[in-house]
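Topology and contacts: notes
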Amino acid sequence: VARSGTATTIEQHSQYRACMAAPATCTALRMGNAQVTGTIPSEITAFTRLLQIHLYTNRLTGTIPTELGMLTTLTYMSFAGNQLTGTVPSELGALTRIEQWGLEKNELTSSIPTELGALTSLTIMYMCNNTGLCGDIPAGVTP
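Summarised in this report is the structure supplied together with it. (Residues numbered from 1 in each chain as written. Predicted model: local features only at pLDDT ≥ 70, side-chain atom pairs only at ≥ 80, totals over all residues. Heavy atoms only, no water.)

So, the overall build of the chain
Within the chain one finds 1 helix and 11 strands. N-terminal to C-terminal, the α/β element order of the chain is β-α-β-β-β-β-β-β-β-β-β-β. At 14 Å, the chain has a C-alpha radius of gyration in line with the 15 Å of a compact globule built from 143 residues. Taken along the three principal axes of its C-alpha coordinates, the chain extends 45 × 30 × 20 Å. Scored against the burial criterion, the 143 residues of the chain give a buried share of 41%. For the chain, the accessible area works out to roughly 7,000 Å², and carbon and sulfur atoms hold 50% of it. Counting 7 positive and 9 negative side-chain charges, the chain places the centres of these two groups 16 Å from one another. (Helix = DSSP H or I, 4+ residues; strand = E, 2+ residues; numbered from the N terminus. Rg over C-alpha atoms; globule rule 2.2 N^0.38 Å. Buried < 20%, exposed > 50% of the residue type's maximum accessible area, 1.4 Å probe, protein only. Areas by Shrake-Rupley, 256 points an atom, 1.4 Å probe, with all protein chains shown as cover. Lys, Arg positive; Asp, Glu negative; His and termini not counted. Charge placed at Lys NZ, Arg CZ, Asp CG, Glu CD.)

Structure (structure tokens):
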């Protein structure tokens, strides 16, 4: 068990371990500002009833797993304030229930995928302050 004030990976965090023990009942991962390091594990997709992912203001690196597009029950997702790299996966366009999303303050690059136009429930989208993310907000998304 990681002690308070000590950096830990997502997999070592007590909330993640609780979700792994009962994945069908896990509805939220709340690890915002928790000094979490490492990468976002694709195994998060085992949490089939997940509604919220709070992973903002940590020290996460690596890319956003394409498998997150399988979490179609998500209504909130924030990875803001990390050091995530790579592109925004087009597979995230499958998150049609998402209402709020934060990817700002990372090191994401490339253009915004047109598949995000399917996110018609989205009311808040933060993607600013990334290294090389560019493009228009896709049609269908209400800014």
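Moving on from the model shown.
What about a negative patch on the surface?
On the surface, Glu-11, Glu-43, Glu-67, Glu-91 and Glu-115 cluster together into a patch of negative charge. Relative to the helices and strands, Glu-11 resides in the loop between strand S1 (8-9) and helix H1 (14-21). When its relative accessible area of 36% is taken as the criterion, Glu-11 is described as partly exposed. (Patch = residues over 30% accessible without salt bridge, like charges linked within 9 Å, V, L, I, M, F, W, Y side chains within 5 Å. Salt bridge = Lys/Arg side-chain N within 4 Å of Asp/Glu carboxyl O.)

Description of the nonpolar core
Core analysis: the biggest nonpolar cluster contains 34 residues, and Ile-44, Leu-50, Phe-79, Val-88, Leu-92 and Trp-101 have the highest contact counts within it. Sequence-distant contacts of Leu-50, defined by excluding residues within four places in its chain, comprise Cys-26, Thr-27, Ala-28, Leu-29, Ile-44, Leu-71, Thr-73 and Leu-74. (Core = buried A, V, L, I, M, F, W, Y, C linked by side-chain atoms within 4.5 Å. Contact = heavy atoms within 4.5 Å.)

As for the sheet that holds strand S7 (residues 85-86)
What the 3 strands build is an open sheet, ordered S7-S9-S11; its pairing is parallel. The sheet is open, and its two borders are formed by S7 and strand S11 (132-134), each paired with just one other strand. (Pairing = 2+ DSSP bridges.)

Some details on the environment of Cys-134
The residue Cys-134 is located in strand S11 in this model. Contacts of Cys-134, omitting those with residues within four sequence positions, involve Ser-110, Ser-111 and Ile-112.

Let's talk about the side chain of Asn-82
Here Asn-82 shows up in the loop between strand S6 (76-78) and S7. What makes Asn-82 buried here is its relative accessible area of 5%. Within the local environment of Asn-82, its side chain forms a polar contact with the backbone oxygen of Leu-55, the two atoms lying 2.9 Å apart. At 3.0 Å, the side chain of Asn-82 forms a polar contact with the backbone nitrogen of Leu-60. Setting aside its immediate chain neighbours within four residues, Asn-82 contacts Leu-55, Tyr-56, Thr-57, Asn-58, Arg-59, Leu-60, Lys-105 and Asn-106. (Polar contact = N/O pair within 3.5 Å; in protein donor to acceptor, adjacent residues only side chain to side chain.)

Treat this as a map of the structure, not an account of what it does.
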